[in-house]
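Fold and geometry: a report
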Amino acid sequence: MTFSPAAKARHEDEDEMNALYARRASTFDDFLPALERAHASARLVIPNTGCQLAASLLALELDRAGLPAEYVCGHYSAAPEQKHWWVQVNSVLLDPSRDQFDDEDPLSESYGGEYSRSCSKPASEMEHEATMHLQLHWSFNRRARPAIKAVVTLYGLDLAKVEEPMGPLSAP
């Protein structure tokens, strides 16, 4: 997959990104730049949780690069009563919002708990998913709007769609 010139300009580490995707990333360390971007972007909008947004942004970026990413929902043993979202690429688990759990580092390959998968979506559906999560925060958190605009720009999303008022039934 090749990024458009405008999309490439949005990524500060373009050379690293191109090298990563050229060799078809397969290890945790290969995904670290994308994982860091998704984590930082979600934290701009949602300071403490944001697993759906973070995972959808990460899956979107990996899908655009032609990687077989999945947006996965299930549970993490640190909070078994709540749903949680993460990304998987082949056997590599990427959780850009793991820092919402005590003493967990989302940028580390190791983690203290166990993940239990209950459903997944292909990364090809993530543009709508990420837009929908940003639209929700746009509608209900006016203070986050400058951060949301930055995330929309970074990921090449449609700001007009994010700014649309949320209706009772939203369709992709």
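Further up the page is the structure itself.
Residues numbered from 1 in each chain as written. Predicted model: local features only at pLDDT ≥ 70, side-chain atom pairs only at ≥ 80, totals over all residues. Heavy atoms only, no water.

Comments concerning the state of the cysteines
The following threshold applies: Disulfide: a pair of cysteine sulfur atoms within 2.5 Å of each other. Helix numbering and strand numbering both begin at the N terminus, where a helix is a DSSP run of H or I of at least 4 residues and a strand a DSSP run of E of at least 2. The rule is simple: take the accessible area with a 1.4 Å probe, protein chains only, and divide by the maximum for that residue type; under 20% is buried, over 50% is exposed, in between is partly exposed.
Counted by the stated rule, this structure contains one disulfide. At a sulfur-sulfur separation of 1.8 Å, the disulfide partner of C73 is C119. The sign of the S-S torsion, about 85°, decides the handedness of the disulfide formed by C73 and C119: right-handed. Taken together, the residues span a long stretch of sequence, with C73 in strand β1 (residues 69-76) and C119 in strand β4 (residues 115-122) at a distance of 46 residues. In this structure C51 is not part of a disulfide, and its nearest cysteine sulfur, from C73, lies 9.8 Å away. Judged by relative accessible area, C51 falls into the buried class, the value being 10%.

Here we look at the sheet that holds β4
Counted only if it meets this: In this scheme, strands are said to pair when DSSP sees at least two bridges between them. Axes, fitted as lines to C-alpha atoms, cover a helix only where it is in contact. Angles between the N-to-C directions of the axes lie from 0 to 180 degrees. Should any heavy atoms of two residues lie within 4.5 Å, those residues are counted as being in contact.
Strand order in this open sheet of four strands is β3-β2-β1-β4, and the pairing throughout is antiparallel. At either margin of the open sheet sits one strand with a lone partner, and together these are β3 (92-94) and β4. Across the sheet, the axes of successive neighbouring strands diverge by a mean angle of 35°, strand direction being ignored. Sheet analysis places β1 next to β4, joined by seven bridges and oriented antiparallel. What sits directly across from G74, in β4, is R117. The strands touched by helix α3 (residues 28-45) within the sheet are β2 (84-89) and β3, with β3 carrying the most contacts at an inclination of about 25°. Sitting on the sheet, helix α4 (residues 51-64) is in contact with β1, β2 and β3, with an inclination near 15° to β2.

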